[in-house]
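Each chain, letter by letter, is given below.
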Amino acid sequence: METREKIIIIGGGFAGLQLAKTLNNKNKKVIVLDRVNHHMFQPLFYQVACGRIEPSNISFPFRKIFQQSRNTQFRLTEVREIDAANNKVITDEAEFTYDKLIIATGCKTNFFGNKDLAGRAFGMKNTQEAIGIRNHVLMTFEKLIIEKSRSDDGNWNIVIVGSGPTGVELAGAFAEMKKEILPRDYPYMNFDNLKIILISSTEKPLAVMSPEAQSQSEKYLKDLGVTFMSEEYVTDYDGDKVHMKSGKTIPSNNVIWAAGVTGNVVDGFPEDKLNRNRYIVDRFNKIKGYDNIYAIGDISYMETPKYPQGHPQVANVAINQAKNLGKNFLKKNFGEWQEYEYKDQGSLATIGKHRAVVDLPFIKFQGFFAWYFWMFLHLMLILSVRNKLAVFFNWMWSYFNKDSSLRLIILPNKKNETLQ
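Just so you know, these numbers come straight off a predicted model, no measurement behind them.

## Considering the UniProt feature "transmembrane region" (unreviewed entry) in the chain
With numbering aligned to this structure, UniProt lists the feature "transmembrane region" (unreviewed entry) at residues 371-397. Taken end to end, residues 371-397 comprises 89% helix and 0% strand; its first and last C-alpha atoms sit 16 Å apart.

Here's what the structure looks like:
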């Protein structure tokens, strides 16, 4: 009886999940390892942070996804090290052997080695961080309404560092929250004092998009009342003030860091296998120097003639690298394997209601239609029908009522708290 090849996938993000789905119910034994029990639709984290949708609407338990699978298993565990010499993955709870290993650990927030920033500013790369932002911002106003005489300017500044899609979308969402929602929740507070500040190291927001998208997004931000600070570099945050290279400071108790990402590297590989904290792979996503270890998605660094500096760290690359690798694994002969090449399908971002920018390979457009296009595309990318309907209902409710009912402050119980 033929023994099935054992494939271990570390990480259940866009890349890891897509590879597992490509290999689902095939003649392979697949084990997915992750430190959380669910896949997360990261492009909508900013809406969780602003109380527009619930985390469950964009989270999908792995055991539910693979409930009907005949060959795919899931294990909830933290990977500590890879023992490549013995084909083992070492985790907190156990050791897993493999025939082929795929690393799809994605990225984490890059604080560029600044421990103060890492300890005090909020990242937004997972569900817990998105909920943490929501809790912290809402708690700020709960404290303010009680301590009305408190004159801490930092309470009235929400600072977002980084003007990529995440930063721009978050700034737009908070600006709309300031205008439409907070005055109704806190009718005795004057929100004219609340400032949404977006700090950018580039001259225009959305530097990776077209000049038309950059100019239009800057206009949208200003229309919404967002303070856009261009060509400024944040050097430190002490918990009370944001310090910049220019010498300027901004008082703030709510700082969100969206200024970059770095790879979630697993221990067990020498430094010469990495480039900018990403595993160096060939055109088949195989880590150079290894016969049976691969890296896909944000954690992989692949040079091609079209992309000599590596592919962008976006979901489209992750998904299609996973599809290509999965199809290659199912072929009998290595000679039939197909090399991967990225086909840029465009980029887009939304900056509040009826405001969005879209860059496609064949057309660029902004405004009302772009906003509907953004909503439709993201809705279609969400996994389950139930979750699509839940997100659509929340969006429609917010669209017509300019409100939501999802501003829950969820804090952990105190250790000495007893049940009543």
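## Quick look at the packing of helix α1 (residues 14-22) against helix α8 (residues 315-329)
Two numbers describe how α1 lies on α8: the axes approach to 8 Å, and their chain directions differ by 30°. Of the possible angle classes, the one that applies to α1 and α8 is roughly parallel. In this structure, α1 crosses over α8, and the sense of that crossing is right-handed. Only Ala315, Ala318, Ile319, Ala322, Lys323, Leu325, Gly326 and Lys327 of α8 make contact with α1, whose side of the interface consists of Phe14, Ala15, Gln18, Leu19 and Thr22. The residue makeup of the contact of α1 with α8, split by class, is eight nonpolar, three polar and two charged.

## Some details on the domain arrangement of the chain
Interfaces are often described in size by the accessible area the parts lose on coming together. One can read the domain layout of the chain as domain 1 (6-109 + 262-336) and domain 2 (118-259). When each unit is reduced to the centre of its C-alpha atoms, the spacing between domain 1 and domain 2 is 32 Å. At the junction of the two partners, domain 1 supplies 19 residues and domain 2 supplies 18 residues. Counting the surface lost from both domain 1 and domain 2, the interface buries some 1500 Å², and carbon and sulfur atoms represent 63% of this. The tally of links from domain 1 across to domain 2 stands at two salt bridges. Across the pair Arg52 and Glu176 runs a salt bridge, and its minimum N-O distance is 2.7 Å.

Conventions we followed
Residues numbered from 1 in each chain as written. Predicted model: local features only at pLDDT ≥ 70, side-chain atom pairs only at ≥ 80, totals over all residues. Heavy atoms only, no water. UniProt positions renumbered as here; feature names shortened; annotations may be inferred. Helix = DSSP H or I, 4+ residues; strand = E, 2+ residues; numbered from the N terminus. Axes fitted to C-alpha atoms, helices over the stretch in contact; angles between N-to-C directions. Parallel < 35°, antiparallel > 145°, perpendicular 65-115°, else oblique. Left-handed = near helix turned anticlockwise from the far one by under 90°. Contact = heavy atoms within 4.5 Å. Nonpolar A, V, L, I, M, F, W, Y, C, P; charged D, E, K, R; others polar. Domains from an automatic or database assignment. Buried area = accessible area lost by both parts, 1.4 Å probe. Salt bridge = Lys/Arg side-chain N within 4 Å of Asp/Glu carboxyl O.

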